[in-house]
Structure formats: structure tokens, C-alpha cells
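Read off the chains here:
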Amino acid sequence: MKKETAESQRKNQKLKNSKLSKVQKFFAITIPTLCSIIIFSIILIAILTNRTTIAFYNIPQNQQNAISKIIQSNFPKKFKIISLNDDFDIKISDSNSGQTQSNDTQNLTKQLQKAKLIIAIKDSEIENYVKTQTKIVPFEAELLKGMPQSISETVPVHNNQIKYLPLLFDMYQIDINYNFFLDSAIKNITIFQDLDNFAENLKSKVYAPIVLPFADSKEFLNIFGQMLEALTNPQEYQNFYNQLQKIYNTNKNDNKKLTQELENFLQQQTQDNSTAFSKTQICFKQLINDKKIKDIVISQNLEENLYYLDNQICGIFFTKLSDHRKIDRQVINNYKSVYFPSTQITDNRKFCAYQYTAIVQTKNKHIQTLAQNLSNSLQKELSTKTGLAPVQKNCQVPDHQSDDVRYWLAASNGPVNPLSCAIPSKKAQKQTADFIRNQLSE
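Residues numbered from 1 in each chain as written. Predicted model: local features only at pLDDT ≥ 70, side-chain atom pairs only at ≥ 80, totals over all residues. Heavy atoms only, no water.

## Description of the confidence of the model for the protein chain
Filter applied, for reference: Values of pLDDT, which run from 0 to 100, indicate the predictor's confidence residue by residue. Comment: elements are numbered from the N terminus, with helices defined as DSSP H or I runs of at least four residues and strands as E runs of at least two. In this description, contact between two residues means that some pair of their heavy atoms is separated by no more than 4.5 Å.
For the protein chain, mean pLDDT is 86; residues scoring 70 or higher make up 84% of the total. By mean pLDDT, strand β4 (residues 100–103) is the weakest element of the protein chain at 44, and strand β5 (residues 117–121) is the strongest at 97. In the model, residues 43–49 has pLDDT below 50 throughout and makes zero contacts with residues more than four positions away in sequence or in other chains. Below a pLDDT of 50 lies the segment residues 99–106, which in the model reaches 18 contacts outside its immediate sequence neighbourhood of four places, other chains included.

Written out as C-alpha cells, the structure reads:
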């Protein structure tokens, strides 16, 4: 009996060991398999939900929307957008969901570094970024060949390579009400005195002889800058621009010191009657010295300007190409666009124009091809949908305004950055604009 019991126990133990072995084998096979499936699923989800990051810097919303749609039609992957502006506020949106998230505290450089493709208006921050970042993938300089020489020469070339591609231009200009112009004794607006005479002629004919976005710090600063270039010369404009840029770059991390340095510099410029800044102030005052003109000009922002144009009670409108697009097409047919006239007839001109550029930060061929196409084969679509001037000299344009801007830039000694680009911070722009406005309002 004892022998049978011992034998039975051995069999039971053997059976238990066999079952335990099977369970162990099951788990030994199943757990790694499950882990592999989970890891594979995570990787697959990450691949499927991955978005190529595209950063837009200082691109107005209308133009950003237009460019985004063109990218979406010509890029095989989904992407997310980081929108950055003068105050370095950040908005992140998904090309698929359209959801947006705001973040005001992130550093501009860190945000730009996340992007595979950057579409930016060239200013001090972007110029510094391009100089210092090693992950930027250069293009062959040969890609500049289809552009007018005055435009291609603005792009630094090193070892036959360039770090960004020009895409579009948005230029400062003056819209003249052609109906009032035909009734005046002025035949052409070629020098500043013609504009001044025309403004004088309009005082008794139209409610708003001159309008400009005086209350908008950035736009006012850029209009003043374009007048400075026109009333003096490109060299003096660039010198003034460079001095502002140096003050900004040296003190941009210390707001208090930046404020003090800007004020000291502008005060010195005003006190010296021989400076380009002082000369421009005098001419600006001359243009708006009539109380009627001064009262209208000094109260205005862009939306109020557009009201005067839409109702055709404006004679002269200081603006830029992209804002010109906001005017009703039937109304704008009554206006002729001219560039800011100089003090004397000269071919030594440069024009203030925002330069839209593409910067690539990946070796991904799809992104590189997209950037090249935006600067070449997609130029017609870009120009048509944004209303801006293309960089390709043989590209079709939507209307004569875009063509005029391209021609003016091509026929000149090239574009220069608007004055706000020297100090790409809304606080610095407002401080500088306030100083000039106070001088003009006295």
C-alpha cells in the first residue's frame, strides 16, 4: 500500500512538473511576443501620426493660409504648423485637425529648430539664425538663376551654396486716386515735390487727401523708413538700418537698456539737422502740415484707411502690396500704384520689401524638392494665391500690381528690408514709432 502511495505521489508530482513546464513555456513565448506587438504598434502609431513641422515666421495670416494650402497640395505627408510673430508668440496647428494651441513662453530659436521647413520674412532674427545654425541644409546657388540679378544678389553665396531660397516680395508703395490725378495739373509722380503738389491740390477736392496707418507702429515705422530711403539715398537708409539693428542685437535681452539706447540714438538723430532721419522728419511734416491732412493722418490705422478707400474719399494712400489686396477690386481700379518718389530723379534706388524665404532643416528629399518648387515651378500659384510679387522674372502674375512690384525691384539696385526688420520686437518697434510720431505731431 505504501509502495503504491509513493508511486502515485511521484506520478502526481511529474504531472504537476509537466503542467508547470508548459505554463512556463507559454509565458516564455507569449510575453516577448506581446511585448514585440506592443512595441511594433507604438512605432507604427508614431509613424502614422507623425507630422512634419513647418514654421511660419512673421507671415500674415492670409498669406500663411494661402501658402499652407499650396504645400498641402504638393507635399505627400501631413504636417503641423508653428506660427511665430514679432512678439515670438507661438501657435501650433495640425494640417489635418486644424486644432490650435498657444504658447507664449517658448524661445524663438528653439521653436525654429523643431521645423523641417521654415517660411519666414527675412529680418535680424532670421539673418542671425541662418548664420548660426548648423542643421540648415544648403541649396546650390544655381537655383537663383531664374531671378532678376538685383534680387539674387541679396542672397549670400558661400562655396557656391545658399542657405535660403527667395520666394515672394511684399513692397511698400503709394496708391493714387487716378480720377483726381487726371483732373490735376500734375502729370507724373516722379519726385517728392510732385507728391507734395498733388496733396496740396487735393485739399479742396476730397475729404481725405492723404491716409496712412499712422496708429499702427510697425506699418508707420516702415513707411517712414521707405520715405527715408526715397528722400535721401539707399546708402543713408542702410546706415540708419544698420545702426538700429546693432542697438537691437546688442541689447535685445535687456529691455530696459534697449529702450534707453534706442531713445538716445533717436534723440541724437533728431538734434542733428544733417541726418537722413532729421531730413525725413522735415519732409514728412511738410507733406502733412495742413491741419485737415494732419488730423486725418494722425488718427488712422489700416482698417480706417480702407474705409476711406472703399468709399473713394481718399486721394493718396501709403500702403504695401498685401494691404492693397484688401481693397475692393472695383474700387482699386480707380487707383494707380506708384513707388515712393525721391527728392530728385535718380536710378540709384532701392525699395523696402519684405522678402519671403524658405529654409530647409532636413535631408528629406520631399522637403527639399518642395522648397525648390516653391521658388520655381510653384511661383505662379504662390503669386496668384498670396497676391504678392514672385521672384522668378518669367513667371506669370495675377495682375499689373504684382508685375509692377517685380519690375521696380528688378530695375532698381535691389530690395532692402523694411525698417521694422532691424528691430524685430513689437516693443522696440512701438517705442521707435512713438518717438517719430511725437516729433511729427508737435
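## With respect to the packing of helix α4 (residues 124–132) against helix α9 (residues 234–251)
The following threshold applies: Think of each axis as a best-fit line through the C-alpha atoms, taken over the contacting stretch in the case of a helix, with angles from 0 to 180 degrees between the N-to-C directions. When describing relative orientation, an angle under 35 degrees is termed roughly parallel and one over 145 degrees roughly antiparallel, while 65 to 115 degrees is termed roughly perpendicular and anything else oblique. The handedness criterion is simple: a crossing whose near helix is rotated anticlockwise from the far helix by less than a right angle is left-handed, and one whose near helix is rotated clockwise is right-handed. Polar here means any residue other than Ala, Val, Leu, Ile, Met, Phe, Trp, Tyr, Cys and Pro, which are nonpolar, and Asp, Glu, Lys and Arg, which are charged; Gly is therefore polar.
Between α4 and α9, whose axes approach to 11 Å, the crossing angle comes to 70°. On the basis of their axis angle, the class for α4 and α9 is roughly perpendicular. The way α4 lies across α9 gives a crossing that is right-handed. The residues of α9 that touch α4, namely those facing Ser124, Glu125, Glu127 and Asn128, are Tyr241, Gln245, Tyr248 and Asn249. When the residues that make up the contact of α4 with α9 are grouped by side-chain class, the tally is two nonpolar, four polar and two charged.

## Focus on the pattern of salt bridges
Two side chains of opposite charge can pair, provided their charged atoms sit close to one another. Stated formally: The salt bridge definition used is simple: a Lys or Arg side-chain nitrogen within 4 Å of an Asp or Glu carboxyl oxygen.
Evaluated as defined, the whole model comprises 14 salt bridges. The closest approach of N and O atoms between Lys291 and Asp295, which form a salt bridge, is 2.8 Å. Of this pair, Lys291 and Asp295 both sit in helix α12 (residues 291–298), four residues apart, roughly one helical turn. Linking Asp403 and Arg406 is a salt bridge whose minimum nitrogen-to-oxygen distance equals 2.9 Å.

## Re the environment of Val157
Secondary-structure assignment places Val157 in the loop between α5 (149–152) and β7 (161–162). The spacing of Val157 and Glu140 is 17 residues in sequence and 9.1 Å in space, taken between C-alpha atoms. Apart from residues no more than four positions distant in its own chain, Val157 is found in contact with Ala141, Leu144 and Ile162.

## Quick look at the packing of aromatic side chains
Basically, it comes down to this: Within 6.5 Å between ring centres, the rings of Phe, Tyr and Trp (the latter by its six-membered ring) count as paired, and their orientation is classed by plane angle as stacked under 30 degrees, edge-to-face over 60, tilted in between.
Going through the model one piece at a time under the given rule, you end up with 17 aromatic pairs. Seen in terms of ring centroids, Tyr178 and Phe181 are 5.9 Å apart; in terms of plane orientation they differ by 25°. Their pairing is stacked. Within this pair, Tyr178 and its partner Phe181 are both found in helix α6 (residues 178–182), separated by three residues, close to a single helical turn. Three or more aromatic residues link up through ring pairs in this structure, and these residues are Phe214, Phe220, Phe224, Phe240, Phe265, Phe277, Phe284 and Phe435.

## A word on helix α10 (residues 255–271)
This is how it is decided: Helix span, expected: 1.5 Å multiplied by one less than the number of residues in the helix. Accessibility here uses a 1.4 Å probe with only protein chains present; expressed as a share of the type maximum, an area under 20% marks a residue as buried, one over 50% as exposed, and anything in between as partly exposed. What the arc describes is the spread of directions from the helix axis to the C-beta atoms.
Under the 1.5 Å per step criterion, the end-to-end length of α10 is 24 Å for 17 residues, consistent within 8% with the ideal 24 Å. Along α10, the residues that are buried comprise Leu258, Leu262, Phe265, Leu266, Gln269 and Thr270. Summarising the axial view, the buried residues of α10 lie within an arc of 135°, below the 170-degree limit, and thus occupy one face. Exposed side of α10, more than 90 degrees from the buried face: Lys256, Gln268 and Gln271 are the residues found there. Check the buried side of α10 and you find it contacts α9, α11 (276–287) and α19 (426–441).

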